[in-house]
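Here is how the chains run, residue by residue.
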Amino acid sequence: MSGMRQSQVGLTKDAGWQIGVSKTVDHPAPAVWAFLTSPEGIAIWLGEGVTVLSDLGAGYETKGGVRGETRSFHNHGRLRLTWQPKDWKHETTLQLTVTPVGEGRARLGVHQERLADAAERDQQRRHWQGVVAALVEALPGGTVT
């Protein structure tokens, strides 16, 4: 197999290093979206001190120093922002999605791209796995399948 490059997991030509984490929950998509965009939900996945700003280009900064701006907001479906902790020298792109997957169920997805390297990818995958688990646990009666 000489001449063939082995691809690295999580590295893409266009988005650089990226990760994705998702869970299916026994809640209708509108309820999951409502929680995700509520002050309680935002505090879990983004941080305290901000609200979701649906206006394109709207900036935010959490009490913990994560900052960025809204890139797109599709009510009941997708939110895309830039995301940069205070100790990082680069920003990443973060996308949260809620997709119906049958009667009364939804898939909650988190995708982050433009990560610096494989180590940062591994760190962020663990981070978002924990965040998604915390969101699911915080949903009233939430169960993971």
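It should be emphasised that the depicted structure is a prediction, and the values quoted were computed from it without experimental measurement.

**Quick look at unusual backbone geometry**
Peptide bonds are mostly trans, and most non-glycine residues show a negative phi. Positive phi values are uncommon outside glycine, yet His76 reaches one of about 65°. Looking at the secondary structure, you find His76 in the loop between strand S4 (67-74) and strand S5 (78-83). Despite not being glycine, Arg114 has its phi angle at roughly 70°, a positive value.

**Things to note about the packing of aromatic side chains**
For the structure on display, the rule yields three aromatic pairs. Where Trp33 meets Phe73, the ring centres are 5.6 Å apart and the plane angle is 65°; that geometry is what we call edge-to-face. Of this pair, Trp33 sits in helix H1 (residues 29-36) while Phe73 sits in strand S4, and the two are 40 residues apart along the sequence. A network of ring pairs unites the aromatic residues Trp83, Trp88 and Trp128 as a single cluster.

**Regarding the side chain of Gln112**
Its place among the elements puts Gln112 in strand S7 (residues 106-115). A polar side-chain atom of Gln112 sits 3.1 Å from a polar atom in the side chain of Gln124.

**A closer look at the confidence of the model for the chain**
For residues with low pLDDT, the predicted coordinates do not support detailed interpretation. Chain-level pLDDT for the chain is 88 on average; 86% of the residues reach the 70-or-more range. Ranking the elements of the chain by mean pLDDT puts strand S1 (residues 11-12) last with 65 and strand S6 (residues 92-100) first with 97. Low pLDDT (under 50) marks residues 1-6, which in the prediction has zero contacts with non-local residues, meaning those over four places away or in another chain.

**Here we look at H1**
Buried within H1 we find Ala29, Val32, Trp33, Phe35 and Leu36. Each buried residue of H1 lies within a common arc of 165° when the element is viewed along its axis, so the set occupies one face.

**Things to note about helix H3 (residues 118-138)**
With 21 residues, H3 ought to run about 30 Å at 1.5 Å a step, and its terminal C-alpha atoms sit 30 Å apart, in line with that. Within H3, the full set of buried residues consists of Glu120, Arg121, Gln124, Trp128, Val131, Val132, Leu135 and Val136. Here the buried residues of H3 occupy an arc of 130° about the axis, which is enough to place them on one side. Of the exposed residues in H3, those oriented more than 90 degrees away from the buried face are Ala119, Arg126 and Glu137. The inward-facing, buried residues of H3 abut strand S2 (16-25), H1, helix H2 (39-45), S5, S6 and S7.

**Considering the pattern of salt bridges**
Counted by the stated rule, this structure contains five salt bridges. Between Glu91 and Arg71 there is a salt bridge, with its nearest N and O atoms 3.4 Å apart. Highlighted residues: Glu91 in the loop between S5 and S6 and Arg71 in strand S4, separated in sequence by 20 residues. Accessibility expressed as a relative area gives 39% for Glu91, which makes it partly exposed. In this structure, a network of salt bridges that share partners links the residues Glu69, Arg71 and Glu91.

Rules behind the numbers
- Residues numbered from 1 in each chain as written.
- Predicted model: local features only at pLDDT ≥ 70, side-chain atom pairs only at ≥ 80, totals over all residues.
- Heavy atoms only, no water.
- Helix = DSSP H or I, 4+ residues; strand = E, 2+ residues; numbered from the N terminus.
- Phe/Tyr/Trp six-rings, centres within 6.5 Å; stacked < 30°, edge-to-face > 60°.
- Polar contact = N/O pair within 3.5 Å; in protein donor to acceptor, adjacent residues only side chain to side chain.
- pLDDT = per-residue confidence, 0-100.
- Contact = heavy atoms within 4.5 Å.
- Buried < 20%, exposed > 50% of the residue type's maximum accessible area, 1.4 Å probe, protein only.
- Arc of directions from axis to C-beta.
- Expected span 1.5 Å × (residues − 1).
- Salt bridge = Lys/Arg side-chain N within 4 Å of Asp/Glu carboxyl O.

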